[in-house]
Amino acid sequence: MKSYLSHLECTETGETYSADEPHTLSPGAQKVLYPRYDLETAKREIDRNAIDHRPPNMWRFFEVMPVRDESNVVTMGEGGTPMLRARRLEAAHDARTLYIKDEGLNPTGSFKARGLSAAVSRAKELGLTRLVVPSAGNAAGALASYCAKAGMECHVFMPKDAPDANKRETEMAGAHLTLVDGLISDAGAMSRKVAAELGLFDVSTLREPYRVEGKKTMGYEIAQDLGWRLPDVIVYPTGGGTGIVGMWKAFNEMEELGWIGPERPKMIVVQAEGCAPIVRAFERGERHAEPWENATTIAAGIRVPSAVGDYLILDAVRESGGTAITVSDAEIVESMKEIASLEGIWPAPEGAATLTGYLKLRESGVIGAEEETVLMNTGTGYKYMDLV
Ligand SMILES: Cc1ncc(COP(=O)(O)O)c(C=O)c1O
């Protein structure tokens with residue numbers, strides 16, 4: 001198979017850069033770089049129906065993935081997660097069609113596997129062998145595991161109160177783990193310093209251009225599962241926002257490929273009351289989010305006080321006609337129980353937050369009972385034993 005990867009493009013200025021050397025943020029504007037593909041040629045050459053016959057993991061979308069040589073793909077079968085019809089939740093809440101996309105079934109138990117499989121594969125292709133990441137938890141476990149599989153050196157900086165499972169999986173996979181007395185933003189500052197000192201390549205989300213390509217495959221899968229159309233609403237627990245902007249990117253690519261039409265789902269950002277910089281910026285009508293002070297929530301993955309791709313998240317939510325909403329920790333725990341007891345899925349607290357967000361928006365009439373909605377359960381609850 002052939003990737004149609006052509007170049008990198010600055011999401012702010014449109015300046016272009018070669019995709020065949022390592023990059024982080026755009027050298028000029030210091031903004032997020034997106035990989036771009038020759039979609040015009042791809043449109044003529046790819047038959048979307050051929051994808052149905054490929055192995056059910058995210059690399060089935062190889063033509064729009066950023067790896068040129070298939071032998072560089074570092075995979076553990078990530079992606080291809082089920083979109084489960086949540087019929088008992090529908091009945092409980094008078095909803096016509098509700099799905100849970102269960103990302104907890106990914107290797108390392110979260111959707112971070114998608115992004116890190118893409119990033120480690122591309123790093124391998126570009127000859128990078130020593131990687132570093134700051135992480136709220138799940139990205140650390142995923143990077144450590146994909147580096148183990150690839151035989152690469154891995155360094156991780158994680159808040160010291162990150163979930164225990166994330167610390168243990170990171171160490172078990174042989175990574176160098178540094179616990180930081182602070183939040184992911186403090187871990188980020190420290191990892192960038194150490195990266196410069198030791199010559200490590202920083203794969204922080206959206207500072208590195210390829211993790212988003214792994215996460216965008218959630219968008220391709222949702223469309224494929226629905227017979228190449230999109231739902232009315234997608235609810236996403238938002239930290240750095242890579243998944244939500246990735247799906248948005250996927251929708252635009254699919255339209256250019258002629259695989260879907262111009263319709264888009266309302267994209268809904270859910271954040272915790274104790275850390276809601278994107279919700280605040282959305283409500284204020286701003287395009288950049290001020291860092292959140294004293295961030296706190298049990299949903300560790302969305303305890304992200306500032307996001308480098310804030311403008312991409314806010315643009316996607318606004319263009320889609322979506323919204324942004326907060327939920328409390330107590331409500332998150334209630335939703336964990338409800339999803340587990342009605343649907344049999346023990347969700348990560350971040351994933352459970354999407355149900356609370358959905359129910360609140362139903363109550364306020366922003367989402368209608370008839371609107372087909374996908375809740376993104378971004379990880380498994382098994383990693384959060386200490387919460388229940
Ligand atoms: C389970 C889980 N959900 C959601 C998120 C937030 O993801 P994103 O950075 O794409 O907003 C994370 C990030 O750590 C996570 O681990």
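Further up the page is the structure itself.
Here is a short report on the structure shown in this document. Quick caveat, the model's predicted, so the values are computed rather than measured.

The end-to-end C-alpha distance of helix α11 (residues 329–343), which contains 15 residues, comes to 21 Å, matching closely the 21 Å that a straight helix rising 1.5 Å per residue would cover. Those residues of α11 lying buried are I332, S335, M336, I339 and E343. The arc that holds the buried residues of α11, viewed along the axis, is 110 degrees, so those residues lie on one side. For α11, exposure combined with an orientation more than 90 degrees from the buried face picks out A330 and S341. Here the buried face of α11 lies against α2 (87–92), β5 (98–102), β12 (323–327) and α12 (349–363). Looking one or two residues past α11, G344 carries a phi angle of roughly 80 degrees, positive in sign.

Attention shifts here to the site of the ligand. Close contacts around the ligand come from 20 residues, with G239, G240, G301, E350 and G379 the closest. When residues of the shell around the ligand are traced back to their parent elements, those giving at least two are α4 (138–150) and α8 (242–256). Among the residues forming the shell around the ligand, the class breakdown is 5 nonpolar, 13 polar and 2 charged. When residues are assigned to domains, the shell around the ligand turns out to be shared by domain 2 (83–110 + 212–387) and domain 3 (112–202), each giving three or more.

Okay, the sheet that holds strand β7 (residues 153–159) next. Here 4 strands make up an open sheet; going across it, the order is β8-β7-β6-β9 and the pairing parallel. Two strands close off the open sheet at either side, each with one partner strand: β8 (176–180) and β9 (201–202). Direction of pairing for strand β6 (residues 130–134) relative to β7: parallel, over a ladder of 5 bridges. Paired with V133 across the two strands is V156, which belongs to β7. Contacts from α4 reach β6 and β7, with the element oriented near 170 degrees to β7.

Tracing the chain through its elements places P163 in the loop between β7 and α5 (164–172). For P163, a count of 25 C-beta atoms within 10 Å translates into the label buried. The spacing of P163 and G137 is 26 residues in sequence and 6.6 Å in space, taken between C-alpha atoms. With residues up to four places along the chain from it excluded, the contact list for P163 reads G137, A300, K383, Y384 and D386.

Calculation rules
- Residues numbered from 1 in each chain as written.
- Predicted model: local features only at pLDDT ≥ 70, side-chain atom pairs only at ≥ 80, totals over all residues.
- Helix = DSSP H or I, 4+ residues; strand = E, 2+ residues; numbered from the N terminus.
- Expected span 1.5 Å × (residues − 1).
- Buried ≥ 20, exposed ≤ 12 C-beta atoms within 10 Å, placed from the backbone.
- Arc of directions from axis to C-beta.
- Contact = placed C-beta atoms within 7 Å.
- Near = placed C-beta within 6 Å.
- Nonpolar A, V, L, I, M, F, W, Y, C, P; charged D, E, K, R; others polar.
- Domains from an automatic or database assignment.
- Pairing = 2+ DSSP bridges.
- Axes fitted to C-alpha atoms, helices over the stretch in contact; angles between N-to-C directions.

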